[in-house]
Each structure stands twice: as structure tokens, then as C-alpha cells.
Amino acid sequence: MKLDSRNLSQQVSAGIIVGLSAVIYSVAYGALLFSGPLAAQVGFGITITLITAIAGALLGVFSEEKTFISGPDSNTISVLVSVLATVGALSLDQQQGFRLMLGVITMTTVLSALTFYAVAHYKLTGLVRYIPFPVMAGILASTGWLMASGAMNIVAATPFSMAGLDHFLADPLRPELGYALLVVFVLFALERRVKGPLLIPLVMITATLLVYLPPLRDVVQANREDWLFSGLGRTPWLPPWELDWSWQDLLVLLRNAPAMLVVCFVGVLTILLSVASLELNFGKEFDLERVLRAHAQTSVVTAALGGFVGIISIGRTMLNHQTHGGKLAGVIAAGICLAVLLGAGGIIATIPKAALGGLVLYLGLGMLRQWIWNQWGKISLLELSEILLILVLVANFGFLSGFAAGVLISCVMFAVTCSRIPLASLTADLSLLTSSVVRPQQQVEALKLHGPATVVYRLSGYVFFGSASSIDNVFRQMSMHEMQGVVLDFTRVSGIDRSALGVFQRILRRYHALPVRFYLVHAEHNKASLLSLANDPVAGLHLQFFASLDHALEAAEEAVLDSHRQEWLDSDCFGFLSNPEDQRNLRTHCEFRHVGATEYLCREGEFSNEMFFVENGSLDVIKAKSGGAGFRLARLLKGAIVGELAFATGEARTASIVAVTESRVYVLHKDSLTRMRAEHPDLAMLLDQMVIQKISQTLVRTNKLLTTLTT
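Residues numbered from 1 in each chain as written. Predicted model: local features only at pLDDT ≥ 70, side-chain atom pairs only at ≥ 80, totals over all residues. Heavy atoms only, no water.

## Let's talk about empty space enclosed by the protein
Unoccupied space between atoms shows up once a probe the size of one water molecule is rolled over them. For the coordinates displayed, the defined rule picks out four cavities of 30 Å³ or more. Empty space within the largest cavity amounts to approximately 90 Å³. As for the largest cavity, its lining consists of Phe44, Thr47, Ile48, Ile51, Leu102, Thr106, Trp237, Leu238, Pro240, Leu243 and Gly306. Breaking the lining of the largest cavity down by element, the ones donating at least two residues are helix H2 (42-57) and helix H4 (94-121). In terms of residue count, H2 provides more of the lining of the largest cavity than any other element does, four residues in total. Grouping the constituent residues of the lining of the largest cavity by class yields eight nonpolar, three polar and no charged. Computed from the structure, the second largest cavity encloses a volume of approximately 40 Å³. Contributing to the lining of the second largest cavity are Leu508, Tyr511, His512, Val516, Phe518, Val538, Ala539, Leu541 and His542. Looking at the lining of the second largest cavity, its residues break down into seven nonpolar, two polar and no charged. (1 Å grid on protein atoms, 1.4 Å probe; cavity = no way out; pocket = protein on both sides within 12 Å on 5 of 7 lines; lining within 4 Å. Points joined across faces, edges and corners; volume = space filled by probe spheres on them. Helix = DSSP H or I, 4+ residues; strand = E, 2+ residues; numbered from the N terminus. Nonpolar A, V, L, I, M, F, W, Y, C, P; charged D, E, K, R; others polar.)

Here is the structure:
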């Protein structure tokens, strides 16, 4: 972009606004970082956050989006505060305790940089979408609670705890506390009227000026220690390489490493959620891996300088974007933060604690509102209860306990929910769902009559103990002694738990004495698991395995037909003609053909004027497939009639017919049909009726096949 005078003025103004906003946030978060018993070291807290703000203002220089601004973040800092409080509770001398706290900050920043880089390198950014919403909302609501508690600690050393309550009740009339609450009220009252990130700087400047005007000026001067940060002057700095750690210090740091990893997790989560929000605001997508790498780079810089991990800021990024800022604006903002760091500590000391505490309290309550109050009516009462439980656990036992409990509860809720979801995505029987075998009418009627005794279940999803038990309950409610077969299709099952296999084994053993056959259809990825069921000599007694549902249905049909053979034994390819004389006349107009195994009766794409009547044998209708062997559309057995569609339309054949076994076929040519129409018009009319009926049955069978493939 060409930098003319207009663009330069825009960059400078945007940089000043963003820089001042970053300074105010840094001071507030620095006070939060070293609050309560650590308030005497608040200068170090402000130094740490200003270093973080300096590096974060330069994020756009190394990112795909030039307006990106990062800095100290409330989510990660509130978690870090709880870690520092744990270290502060140890019985250590003041120097050792302070050294360990700076060590915790440095080590957390290094771990965050490594985490950001690892998540980006292994392309794990999508995993954030698998974290249950109640867990994310609970963690973010908990950070809001800790921020609010820390704010009360900044203002009046009264955190949201029993100790803080006792302290407040001992002296409830605290003017500085009332002033902080007034700041909070004003911020909430104006947030809808003052648009954009200018609200906080304006309110903070006004709140600071008011304490130096009558009548507050006299109150502040009389209680200066309660209202103002003392002893700041020049902000102190202790670089990491000057820290002298002992082995005992390192052991303390290692014991707190899990809590530091929670900061890393919250940091990754906050970055991804913030970028998702910015994508909506900017109307474009960002490279999440690249954003995380940029955060890793800035975190390394801040760790080397003694700063804290910075997180991309939605507010400051949008402020930079809306004021037409860019990379130069980020550099200017970094310069302003650096100037404050080097010599403006006295200015910071003039900002009242109540104003900063009120700002932090406003931000914390805003997060509580967003992740608890605003969720009312949008999520279930159970999910809302889980969010509140995580908040309570975090407030009392820390983030690790809250996060672990949230994940555990979500796993239990997921298991319960899955157990209620029907495992079978398709439920039918052989009278409704048939194989692709083209059978004579007598066999079709036999399957319609006896097909309900063989049920078909297509299973889907992941099969574990609970979902397998639901299938077991279905079988228990059935009259299994009246059943002939059960087809279980596992081709759409993503995985099978070992406990679920135990349930299916129990089902097979329970009904082994009954004449019920089980047909299991497997996919390649679960073949070994299902085949293991056959290792049990009792459970595998009536068990058959198939690689496709169509072949399993065919085997089940053959079993049904075999047990009712007398109903279709006399099936004949000319059986649609009730008059034996008509059957003889049709045979005389046909050509008899013997087809050897693997020999083609006709090929796909050929133009043909022939229709086939299968007197005996077995043939497959094969559809060609590019790059490999074709797949079977239908199987033709004794009594089948095929080729009527191409015969009637004159179009090219849509599939090939190949003999599976030696077969005997009658072939009716179109010229023979013409001669038959002249010699036996009634016979020709019966043949036409049969062709129309066959085409109708073919359409029905095709629809069923499509349903099987797509359901």
C-alpha cells in the first residue's frame, strides 16, 4: 500500500488509539496479576503485561492480516492468577516466592509457545470443535468469575471467597469499592450507546480525572494507600536470565506444570474462538495454523524478555481495523507501550485502583453474562447446570478439577445420549427388502409370505456396550422361536467396542438351540472383529459372514425358499402362461441356447432385439465399472426372464449378462415376435402383458436397490 500523507495520518491516529487502549488493558491486567498479598509487586505485573502488549502490537507484522493485535488476555491471566496464588500460599521467604512466581510466568509462556507451535505443526486446530460446548463455556465463565474476584481483590482486598466476605463484613462502607461499582455501572450503561472499543479508554480517563477533583480528591488523599498504586515511579524489570533458581525451585515449577498446561489449553481455545469471531467480522477466512505460529513467535519473544503469553484481541484488532490502521499502526502502538514501560510509571501510579478494578470487574461480569446468562433458553437445563458446576469447581478447586469434571460429565452425557439413539438406521424384513436376484413369480410370492420371519437391521455409528444392548433388548422382545433368520449389516459401523462384541456373542449363544440363522455383513475395517465371533463353537453355530448386504440377503432368501421348496419347485420360465399349448407355441418361436460357465449371453452397450428365458442354471447381470471389475446388479436363476427392457425399447443394453454356471436359455428374437403376432395374436398379447409387468417389477426392484444403497 502506498503511504501518502492521508494514509500516514490514519496509521498514526490508529496507532495512538490502539496503543493507549493497550496500555490501559495492560495496567489493569498487571494489577490483576499481582493483586491482594502480591500488590506490593504490582510494578512487575504491569511491566510483564506491557512487554506482552509491545510484542502483541507487532503481531500484524508477522501475520496474514495486517490489523491483528494481540496482548495480555483476561482468560489466560485469570488462570495464571490461580497458579500464582498456589505458589504464594507456599511457606517461602519473600525473595524465593517472588522468584518462583516470575519463573511460573516465564515457564508458562514457553509452554504456551511450544503448544501453539505443536497444534499448528500437526494441524490439530480442528480438534477445538470436538470439545463439548458446556466445557468451553464453563471454562470461559470460570475465567469471568476469577476476573471478577481478582477485581475485588485489586479494589479492596475482598475476593469472592469466605476470607474476602469476612474482610468485607468487617468494613462494608468502602468508598473505593463504591467507586469501582460506579465504574462498572457506567460501563454497562454506556456499552450500547458508545459503539466500538473507544468506550473503555473514555471511561477510564474520565474515572481517573474525577478522583482528582473535589470532593473525591480529599477522600483519596486521606486514604492514598487504598486508592492508588504506591511506589511505582519507574516500572521495575527483572529479565529471566537473571533469575537464580535452585533444584527445589524447579521441582515446585514442575509440580505446577499441569496448571500451566491449562493456561496453554485456554490460550489455544481463546485464540481459535477469537479468530472465528474475527472471520465473521472481516467476512473472510484466516489460516488458523499460521495464526498460531505467529502467536508462538511472539510468545518466544515475550518469554525471553520476561513477559507473558499474548492472545489475539478482538477489541483492539477491530479498533485497528475500523480506524484504517495496519502494520505501521501496530508499530506505533508498540512504541507507545514501550514509552510507558520505560518512563511513565509515575503516570500509571495516578490511575486509581478503583478505576482499574472496576474495569476488570466489568470485563469479568461481561464474560459471566455471555457464557451463563445469555445461554439461558439456548441450551438445555442439563448443559447449563454443567457450566455452573464447572464454574463452582474452578472457583473452589482450580481449573484442572473443573476441566476434568466437565470432560467426564460430557463423556457420560454423550454415552447416555448415544445409548438412546437407535443403532439400526434401517429395519426391514425379506418381504420388504429383497436381494438383486431375479426370481420367478412363485419364489417371489413365497418370499412375500415367509419373508417376515427374517429381519434385516442396518447398523450405523460406533457400536459400544450400551448401543449393542439396545439391539439385545429388541431380540428379547421378539418371538425368536418363530424367526428364521437375522441379517445384521455392519458395513456402516465405524467401530465396534470389545464389550459390544461380548453382547453379540451372548445373543448368538442364547439362541443357538433355535433354528435361527444369523447373517453378518462386514466392512473391511471391522471384518476381523466380527469374524472373531465365529471362534466360539456355540455362538458360531448358525453364523454366516458376507462382504455385502446383497449377498447376505440372497443367502437368507435361499434359506427361506429351501425350507418352503414345495411352494415354488415347479417354477418355469414360461409359467406366466397358464395354457400348456401357449407354452409350447412360445417355445417353438424361441431359439434354444446352451451357455457355458463364464460365457457372456450379451454385453453392455450392444444393440439387441432379443429377450431371454432362463430354463436352468445361474447368470449374473454385471454393470461395468471404470478402473476395476464390474458389480452385480442382479442374479438370474431358473425361471427368470431378462432383457425385456432393451427388447421393448430398442435401446442399447445397460449391463452385461454372464453365466455363473452352465445354463440353458431360450432366446426370443424380434422377428420371431413379429411372426408370432401374425400367427398367435392372443399369445403375443399375453407376452406384452408379461413384459409390461416385468418392467414394472424391475422399476420397483431398482428403487429398493437404491434405497438399500443410500439409506
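## Examining the packing of H2 against helix H15 (residues 327-343)
Helix packing geometry: the angle between the two helix axes and the distance between the axes. Direction vectors running N to C along H2 and H15 enclose 160°, while the axes themselves pass 8 Å from each other. In terms of orientation, H2 lies roughly antiparallel with respect to H15. Seen from above, H2 lies across H15 with left-handed handedness. Only Gly330, Val331, Ala333, Ala334, Cys337, Leu338, Val340 and Leu341 of H15 make contact with H2, whose side of the interface consists of Thr47, Leu50, Ile51, Ala53, Ile54 and Ala57. Considering only residue class, the contact of H2 with H15 consists of twelve nonpolar, two polar and no charged. (Axes fitted to C-alpha atoms, helices over the stretch in contact; angles between N-to-C directions. Parallel < 35°, antiparallel > 145°, perpendicular 65-115°, else oblique. Left-handed = near helix turned anticlockwise from the far one by under 90°. Contact = heavy atoms within 4.5 Å.)

## Structural notes on the nonpolar core
Ile105, Ile200 and Leu359 are the most contacted members of the largest nonpolar core, which has 116 residues in total. Apart from residues no more than four positions distant in its own chain, Ile105 is found in contact with Leu33, Phe34, Ile48, Leu80, Leu84, Gly307 and Phe308. Listed in part, the 29 residues of the second largest apolar core include Val486, Val493, Ile496 and Val516. (Core = buried A, V, L, I, M, F, W, Y, C linked by side-chain atoms within 4.5 Å. Buried < 20%, exposed > 50% of the residue type's maximum accessible area, 1.4 Å probe, protein only.)

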